[in-house]
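# A look at the structure
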Amino acid sequence: MTETLIRNALRIVTMDEERNELPDADVLIRDGVVALVGQGLSAPGAEVVDANGCVVTPGLVNTHHHLYQTLTRSVPGGQDALLFGWLRTLYPIWARFGPEEMRVSALAGLAELALSGCTLTSDHLYLFPNGARLDDTIDAAREIGLRFHPTRGAMSIGESAGGLPPDSLVEPEVTILTDMERVVDAFHDPADGAMLRVGLAPCSPFSVSRELMRDAALLARDKGVMLHTHLAENDEDVAYSEAQFGCRPGQYAEELGWTGDDVWHAHCVKLDRSEIELFARSRTGVAHCPCSNCRLGSGIAPVRAMRDAGVKVGLGVDGSASNDAGNLVAEARQAMLLQRVANGADAMGAREALEIATLGGARVLGRGDCGVLAPDKRADIAIWDASGIEAAGAWDPVAALVLCGPTRVRDLFVEGRRIVAGGHVATLDLPRVIEDQNRLARRLAD
C-alpha cells in the first residue's frame, strides 16, 4: 500500500455534488485513489506534500485535441485562414509525417497539457501517413503517465471524390474499420480507473462517407466504446452539410446513429436551438474549443444555451496548429470570456468555467471515476501555487485560477503518481523532447 498526504492546502475544490470548497484542508491518496478529503488528516508513514498557499483541484480534462499538430504551430499561410483554407494549407505538411513525428509531437503536447493542470486527455488522430499508427501516441502517453482517451480517426473521401483532404491522406474504408477493431481489441480498457480507453472517430462529415459514419457507430456499439467527430464547426461546415446531405449537421448525426450518451462532438459552434435540444435529450456531449474557434474565426459556441438545456459540455484545446497553445486552464478563461461577450458579464462565472474544465469534461468522456475530489474517485489532482505574482492581491483564490492565474501547476498527480513536481515534468526529459520537436519541425519546414 502506498499513501500520499497533500496537507495544509489554502483551498481544496472538490467538485462534489455540493461543490464544497474546503479551507486549510488535506487530501489522502491511497493506491491511486482518493481515500479521504478533510481537515487535520493524519497518515503515519505517508509521503507528505505540503500545499501551504496552494489551491488544490481535480485534474483538468481535455476533451478534444490533435496532438500531432504540435509540430505545426504558427505555419505561414495558415495563420489567417478560415477552417477549409487552413486545412488545405496544412494537409500537404501533415502528409510528410511518420511514426517519429507522431510520437514526439504527442510527447510535447502531453507535457504542455500536464503543466497546465490536465490529467486526462482525449486525442483525435485521423491521418496515418508513412506508417504512422495510433500506437505511436499511445506509447507517448504511457511514457509521460497521463490518463489517455485516444480515438482512431479516419478520412476516406479525398479531393478526387469531392472531399476536402488530398487523396494521399485518405484510406480505404475496409482498412479503416479493420484497424479500428484492432486498436480497440489491443488497447481499450473499460474498467473503472482505466489509464487507457479508445474511441472511434471518423474525422468529419466532409471527409468520410455516410456508410463509414454508420459502420463506425455500429462497430463502436458492438465493442462498447465511444464515438467522436467534428460537427457544425463554422458556416462552411454547415453549408457543406446542407449542400451534400440536404440537412443540418445535427440531423445528419442523428440519422446515422451519432447521438447518445456514448457520443461527443467537437466544436458545435453553429448548433441551432433544435440541435441543442436534440443533444440534451440524447445526452450527447460537446467538446468546446474556444481558443481554436477564435483563431479560425469560426464564432462563439452557444455554451450558455447548451448548459441551460442540460447538454454535457467539456473543454478542448484542439490542435496546436489552430490554437496555437495547449494550456487547458487558459481555455477555461477563454470559455468564460466568450460567453460574457456574447451574453453579458453575468453569463458565466469563474467557478462554472472551472467546473466545465474538470467535472464537465469527465462527464463528456464517460468517466464517472474522475473530475471529483471525493473518496473512491481516482487520485487525479492539480496543485496550484497561489503565492506567485499572477495571484498577488487576489481575494478569491479559486476564482483567481480562471481570472488571473496561476496558469501552470506546481504539482500534478495522475492515479496517485506525481507527473509534475515543483513546476517541472517529472516523468520524462522535457528539454530533450523540445530539442527533438524543434529538429523535426525544422525538417518539415525545409
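Refer to the preceding data block for the structure.
Report on the accompanying structure. What you see is a predicted model, and the numbers here were worked out from it, not measured in a lab. (Residues numbered from 1 in each chain as written. Predicted model: local features only at pLDDT ≥ 70, side-chain atom pairs only at ≥ 80, totals over all residues. Heavy atoms only, no water.)

Our focus in this paragraph is the side chain of aspartate 26. Along the chain, the position of aspartate 26 falls in strand S2 (residues 21-30). Of the side chains with opposite charge, arginine 7 lies nearest to the buried aspartate 26, which makes no salt bridge, at 6.0 Å. A polar contact of 2.8 Å, which involves the side chain of aspartate 26, links it to the backbone nitrogen of leucine 41. (Helix = DSSP H or I, 4+ residues; strand = E, 2+ residues; numbered from the N terminus. Buried < 20%, exposed > 50% of the residue type's maximum accessible area, 1.4 Å probe, protein only. Lys, Arg positive; Asp, Glu negative; His and termini not counted. Salt bridge = Lys/Arg side-chain N within 4 Å of Asp/Glu carboxyl O. Polar contact = N/O pair within 3.5 Å; in protein donor to acceptor, adjacent residues only side chain to side chain.)

Attention now moves to the state of the cysteines. In this structure the tally under the stated criterion is zero disulfides. Cysteine 268 supplies the cysteine sulfur nearest to cysteine 289, a cysteine that is in no disulfide, at a spacing of 9.2 Å. (Disulfide = S-S within 2.5 Å.)

What follows deals with helix H8 (residues 273-282). Turning to H8, its buried residues are Glu275, Ile276, Leu278, Phe279 and Ala280. On its buried face, H8 sits against strand S10 (227-231), helix H7 (249-255), strand S11 (263-267), strand S12 (285-288) and helix H10 (303-309). Following H8 by one or two positions, arginine 283 has its phi on the positive side, about 65°. (Contact = heavy atoms within 4.5 Å.)

Over its 12 residues, helix H1 (residues 83-94) runs 16 Å from end to end, which matches the ideal 16 Å to within 8%, given 1.5 Å per residue. Listed in full, the buried residues belonging to H1 are Leu83, Phe84, Trp86, Leu87, Leu90, Tyr91, Ile93 and Trp94. Around the axis of H1, the buried residues are gathered within 170° of arc, so they sit on the same side. (Expected span 1.5 Å × (residues − 1). Arc of directions from axis to C-beta.)

This paragraph deals with the packing of helix H2 (residues 99-115) against helix H3 (residues 134-144). Following both chains from N to C, one finds H2 and H3 inclined at 35°, their axes separated by 8 Å at the closest point. Helix-helix and strand crossings are classified by hand; for H2 and H3 the assignment is right-handed. Of the residues in H3, those in contact with Pro99, Met102, Arg103, Ala106, Leu107, Leu110 and Ala111 of H2 are Asp136, Thr137, Asp139, Ala140, Ala141, Glu143 and Ile144. For the contact of H2 with H3, the per-class residue count stands at nine nonpolar, one polar and four charged. (Axes fitted to C-alpha atoms, helices over the stretch in contact; angles between N-to-C directions. Left-handed = near helix turned anticlockwise from the far one by under 90°. Nonpolar A, V, L, I, M, F, W, Y, C, P; charged D, E, K, R; others polar.)

Another point: the pairing of strand S7 (residues 118-125). The side chains of a regular strand alternate between the sheet's two faces. Most of S7 sits out of view: eight of its eight residues are buried. Summarising the sheet, strand S6 (residues 60-62) and S7 pair through three bridges and their orientation is parallel. Among the inter-strand pairings, leucine 60 is bridged to a residue of S7, identified as cysteine 118. With six bridges joining them, S7 and strand S8 (residues 147-154) adopt parallel strand pairing. Paired with leucine 120 across the two strands is arginine 147, which belongs to S8. After leaving S7, the chain enters H3 and then returns to the sheet as S8, a path that is right-handed. (Pairing = 2+ DSSP bridges. Right-handed = clockwise from strand over helix to strand, strands pointing away.)

Time to look at unusual backbone geometry. Following asparagine 323, the chain continues into aspartate 324 via a peptide bond in cis, with omega recorded as 5°. The residue aspartate 324 is located in the loop between strand S13 (312-315) and helix H11 (328-343) in this model. The omega angle of the peptide bond from glycine 405 to proline 406 is 10°, so this bond is cis rather than trans. Here aspartate 24, not a glycine, exhibits a phi torsion of approximately 50°, which is positive. Tracing the sequence through the fold places aspartate 24 in strand S2. You will see that asparagine 130, though not glycine, has its phi angle at about 55°, which is positive. With respect to the secondary-structure elements, asparagine 130 resides in the loop between S7 and H3.

This next bit is on the packing of aromatic side chains. Centre-to-centre distance and the angle between the planes together describe a pair of aromatic rings. In total, this model carries nine aromatic pairs according to the counting rule given. The interplanar angle of 80° and the centroid separation of 6.0 Å between the aromatic rings of tyrosine 91 and tryptophan 94 together place this pair among those described as edge-to-face. Taken together, the residues tyrosine 91 and tryptophan 94, both in helix H1 and three residues apart, mark about one turn of the helix. Given the relative accessible area of 2%, tyrosine 91 is considered buried. The exposure class of tryptophan 94 is buried, given its relative accessible area of 0%. Arranged with centres 6.1 Å apart and planes meeting at 75°, the rings of phenylalanine 206 and tyrosine 240 form a pair that is edge-to-face. (Phe/Tyr/Trp six-rings, centres within 6.5 Å; stacked < 30°, edge-to-face > 60°.)

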